[in-house]
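What the coordinates show
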Amino acid sequence: MTKRDEFLAGERPEDVALYLADSFVDGDGEGLAKHGEAVENGTVLVVEGEQGRSVFNTATGMDAMGFAKQAMGTEGTIDRGLAGGECPDCDGEVRFVFAFAEEQNEDVGGLYAEGSVIHAYAHCECGTSFAEKWVADDAE
């Protein structure tokens, strides 16, 4: 099982996941792929939370949590493998995704009572940022 598989199963709540499209990364994505998992058109990295937020900031020039807060205002569809998504405003390419998992919390209710929840935030080449969340083992 890869780090990404574990993350998507909700088993790595201390980590964050980042997807960076090859077209977004300067140079070729091969160097980046050595630190993550190569996927079609990009790389998915799963790293410890603080380090992951730092990598996100370096790669995008944005504060990870500030980006997430802004993206929350627009719902969209994010690939369940975190490798892209569908922008609600255009047919453009998703440039990057930032995601974290929150452990099951029955006291909160809703999705959180069903299992660990994946919170994912994406940014499209058109400039639109959007979000989606789902129960970790929910393959839909």
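Bear in mind the structure is a predicted one, so any value in this text is a computation, not a measurement.

In this model helix α3 (residues 49–60) runs 16 Å from its N-terminal to its C-terminal C-alpha over 12 residues, within 8% of the 16 Å that 1.5 Å per residue would give. Buried-residue contacts for α3 involve β1 (15–21), β3 (42–48), α4 (64–71) and β6 (94–102). Where α3 begins, the side chain of Glu48 points an oxygen toward the backbone nitrogen of Glu50, at a separation of 3.0 Å. Looking one or two residues past α3, Gly61 carries a phi angle of roughly 75 degrees, positive in sign.

Once that is clear, we can look at the packing of aromatic side chains. Scanning the entire structure with this criterion turns up seven aromatic pairs. Measuring from centroid to centroid gives 6.5 Å for Phe98 and Phe100, while their planes differ by 55 degrees, and the two rings are tilted. Geometry around Trp134 places Arg80 over its ring, the cationic atom sitting 4.0 Å from the centre.

Our focus in this paragraph is the nonpolar core. Counting residues in hydrophobic clusters, the biggest one holds 22 residues, and the most contacted among them are Phe7, Ile78, Leu82, Val97, Ala120 and Phe130. Judged by nonpolar contacts, the second largest core, of 15 residues, contains Leu18, Val47, Ala64 and Phe96.

Reading the values: the criteria
Here the residue numbers are simple positions, counted from 1 along each chain's written sequence. Since the coordinates come from a predicted model, pLDDT governs what is reported: local features require at least 70, and pairs of side-chain atoms require 80 or more to be given and counted, while whole-chain, interface and lining totals use all residues. Computation of side-chain values: all heavy atoms of the structure, hydrogens and water removed. The helix count covers DSSP runs of H or I at least four residues long, the strand count covers runs of E at least two residues long, and both are numbered beginning at the N terminus. Take the number of residues in a helix, subtract one, and multiply by 1.5 Å to get its expected span. What makes two residues a contact is simply this: any of their non-hydrogen atoms within 4.5 Å. In protein, a polar contact means a hydrogen-donor-capable atom and an acceptor-capable atom, both N or O and within 3.5 Å, with residues adjacent in sequence counting only if both atoms are side-chain atoms; elsewhere, any N or O pair within 3.5 Å suffices. Each pair of aromatic rings taken from Phe, Tyr and Trp, with Trp reduced to its six-membered ring, is defined by centres within 6.5 Å and is described as stacked if the planes are under 30 degrees apart, edge-to-face if over 60, and tilted in the remaining cases. Cation placement over rings: the criterion is NZ of Lys or CZ of Arg within 6 Å of the ring centroid and within 35° of the ring normal. By convention a nonpolar core is built from buried Ala, Val, Leu, Ile, Met, Phe, Trp, Tyr and Cys residues, the set being connected through side-chain atoms within 4.5 Å. Each residue's exposure class comes from its accessible area (1.4 Å probe, protein chains only) as a fraction of the maximum for that residue type: buried when under 20%, exposed when over 50%, partly exposed otherwise.

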